[in-house]
Amino acid sequence: MAQRGMKFGIFLAPFHRLGENPTLAMARDMELIEWLDWLGYDEAWIGEHHSAGWEIIASPEIFIGLAADRTRHIKLGSGVTSLPYHHPFLVAQRFVQLDHMTRGRVMLGCGPGALPSDAYMMGIEPVHLRRRMEESLEAIIRLLRCDEPVTMQTDWFELREARLHLAPYSDPRFPISVASTITPFGMVAAGKHGLGVLSIGAGLPGGPEAMAKQWRIAEETAAQHGTSMDRKEWRIVVGMHIAEDDEQALRQVRAGERLETTTYFEQTLGRVPGTSQDPVRDGVEALTTLVGSPDTAIRVIERLLAASEGGFGGMLFRAHEWANREDTLKSYELFAR
Amino acid sequence: MPRFQDSAEPLIASNRWIRDNRRRVLGNNVEAVRRAFTDTGRAVPDEYRFRTVGAQDIDPGEG
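Remember, predicted model here, so these are calculated numbers, not experimental data. (Residues numbered from 1 in each chain as written. Chains lettered and ligands numbered in written order. Predicted model: local features only at pLDDT ≥ 70, side-chain atom pairs only at ≥ 80, totals over all residues. Heavy atoms only, no water.)

Q: Mind laying out the overall build of chain A, listing which residues take part and the relevant values?
A: Of the regular secondary structure elements, chain A holds 11 helices and 12 strands. Its C-alpha radius of gyration of 19 Å places chain A within 12% of the 20 Å reference for a compact globule of 337 residues. Looking at chain A as a whole, 59% of its 337 residues are labelled buried. When contacts within chain A are restricted to residue pairs at least 6 apart in sequence, long-range pairs at least 24 apart make up 74% of them. If you sum the accessible surface of chain A, you get close to 14,000 Å²; carbon and sulfur atoms cover 50% of it. When the 35 basic and 45 acidic side-chain charges of chain A are each reduced to a single mean position, those positions are 2 Å apart. (Helix = DSSP H or I, 4+ residues; strand = E, 2+ residues; numbered from the N terminus. Rg over C-alpha atoms; globule rule 2.2 N^0.38 Å. Buried < 20%, exposed > 50% of the residue type's maximum accessible area, 1.4 Å probe, protein only. Contact = heavy atoms within 4.5 Å. Areas by Shrake-Rupley, 256 points an atom, 1.4 Å probe, with all protein chains shown as cover. Lys, Arg positive; Asp, Glu negative; His and termini not counted. Charge placed at Lys NZ, Arg CZ, Asp CG, Glu CD.)

Spelled out as structure tokens, the structure:
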């Protein structure tokens, strides 16, 4: 939100409750990014999902293309592109095109795929997702170097003397980050290639405690592969809602957060229910949720920075509709002010 | 007007399909998450179940 220090932005899965008009929901997502651009936020990462009814954007690339035309400054990333679902050549080609069309405002986020139901419909077994992501990522990075033709064969894609006919607009290429959720896999993949990290798991139970340990995995892997990790390219994802005071903020989100957690994450996606009687308030204490006054937000961010044992480069607020539209937009403004 | 124009219906149907077939559609994810730890030579932490999609339907240790 300035030319130095940490970057701030959103991680827009997005989450919209069932029964809503999806056309309007996508329009609200676009309006939110325009608002963030006006407020001076640094970046927005847009997700890719194909099932379960809540996360309704199928192509972050299409969304980024339109958002780039509606905004002036904000950087736009895929949060994330599920690499095992696509031929790596096409992923590379599309992001190079976006890099040109956005004049260097695009970023590629990579992951193995968050919803097992997406993989199920495409006939991909979950145990193969991470290996396929690793293979795809290697292919994409080699293609983006644009130095020599890439030939590579796996059990799910092949490249034969493949080269991009358009080089990236950004020099040497646009930023690439890897999603890290629960397992060490994301940090290992990032370390292997010296890439950025999107710590989506930081907002889950046990996430903040695991942050420093996870980063060490990336650094150790980088050392083994002759690359290096940059904490400035490490972004933490947490749920956020800011109001004038703590109680007001908690009151505004309580019902919406419960609806999302119980009907989507627990009843639909089968995540084990938590045991807290007041999950949002406890989440603030556990540093997995950032709900409260601006002062509370500052305190939580400072504690997260301490928990990371060395700092991180950016905070991404997980976009949600826990509160009503007006309070949600105001929350982003209060944080920016 | 989603209620009268059915614009939300496919989303509701997708959600219902997963709820009705959760163990079959999501269950294999738990083993994949476990392997992502063990394949890198790391122990599976106890709290992984609270963060893993599909874990509600898989007995601890079954994964």
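From this point, the discussion proceeds with the structure in view.
Q: Report on the packing of aromatic side chains, specifying residues and quantitative values.
A: Residue and element names in this part refer to chain A. Taken as a whole, this structure holds 14 aromatic pairs over all chains when the rule is applied. Seen from their ring centres, tryptophan 156 and phenylalanine 157 are 4.8 Å apart, and the 90 degrees between their planes marks the pair as edge-to-face. For the pair tryptophan 156 and phenylalanine 157, one class covers both residues: buried. (Phe/Tyr/Trp six-rings, centres within 6.5 Å; stacked < 30°, edge-to-face > 60°.)

Q: Before we move on, can you summarise the environment of glycine 5 of chain A with the specific residues and values?
A: All names here are of chain A. Inspection of the secondary structure assignment puts glycine 5 in the segment before β1 (7-12). A residue is classified by how much of its surface remains accessible, and glycine 5, at 68% relative accessible area, is exposed. For the pair glycine 5 and leucine 115, spaced 110 residues apart in sequence, the C-alpha separation works out to 34 Å.

Q: Give me the interface of chain A and chain B: which residues, what numbers.
A: On the chain B side, the residues contacting the 38 residues of chain A number 35 residues. Where chain A abuts chain B, roughly 3,300 Å² becomes buried across the two surfaces, and 64% of that area is made up of carbon and sulfur atoms. Taken together, chain A and chain B are joined by 16 residue pairs in polar contact (both at pLDDT 80 or more). Every element with two or more residues in the side of chain A that touches chain B is listed here: α4 (116-121), α5 (126-145), α7 (207-225) and α8 (246-266) of chain A. Per-element accounting of the side of chain A that touches chain B gives the leading share, four residues, to α4 of chain A. Considering only residue class, the side of chain A that touches chain B consists of 20 nonpolar, 12 polar and six charged. (Buried area = accessible area lost by both parts, 1.4 Å probe. Polar contact = N/O pair within 3.5 Å; in protein donor to acceptor, adjacent residues only side chain to side chain. Nonpolar A, V, L, I, M, F, W, Y, C, P; charged D, E, K, R; others polar.)

Q: Residue-level account of the confidence of the model for chain B, with values.
A: Looking at chain B as a whole, the pLDDT averages 88, with 94% of positions reaching at least 70. Quick note on the complex model: pTM equals 0.96, ipTM equals 0.93. (pLDDT = per-residue confidence, 0-100.)

Q: Please provide a residue-by-residue account of the side chain of asparagine 15 of chain B, values included.
A: The topology assignment puts asparagine 15 of chain B in helix α2 (residues 9-20). Overall, the relative accessible area of 3% leaves asparagine 15 of chain B in the buried class. A distance of 2.8 Å separates a polar atom in the side chain of asparagine 15 of chain B from a polar atom in the side chain of arginine 19 of chain B. Beyond its immediate stretch of four places on either side in the chain, asparagine 15 of chain B contacts Leu18, Ala52, Trp54, Tyr264 and Thr268 of chain A.

Q: So, the nonpolar core: which residues are in play, and what are the values?
A: Ranked by size, the top nonpolar core spans 86 residues in total, and within it Ile10, Ile33, Leu137, Leu290, Phe317 and Tyr332 of chain A carry the most contacts. Counting residues per element, this core draws most heavily on α5 of chain A, at seven residues. When neighbours within four sequence positions are excluded, tyrosine 332 of chain A is seen to be in contact with Ile10, Leu32, Trp35, Leu36, Leu39, Tyr41, Met240, Phe317 and Ala319 of chain A. Ranked by size, the runner-up nonpolar core spans 12 residues in total, among them Ala13 of chain A together with Ile18, Val25 and Val53 of chain B. (Core = buried A, V, L, I, M, F, W, Y, C linked by side-chain atoms within 4.5 Å.)

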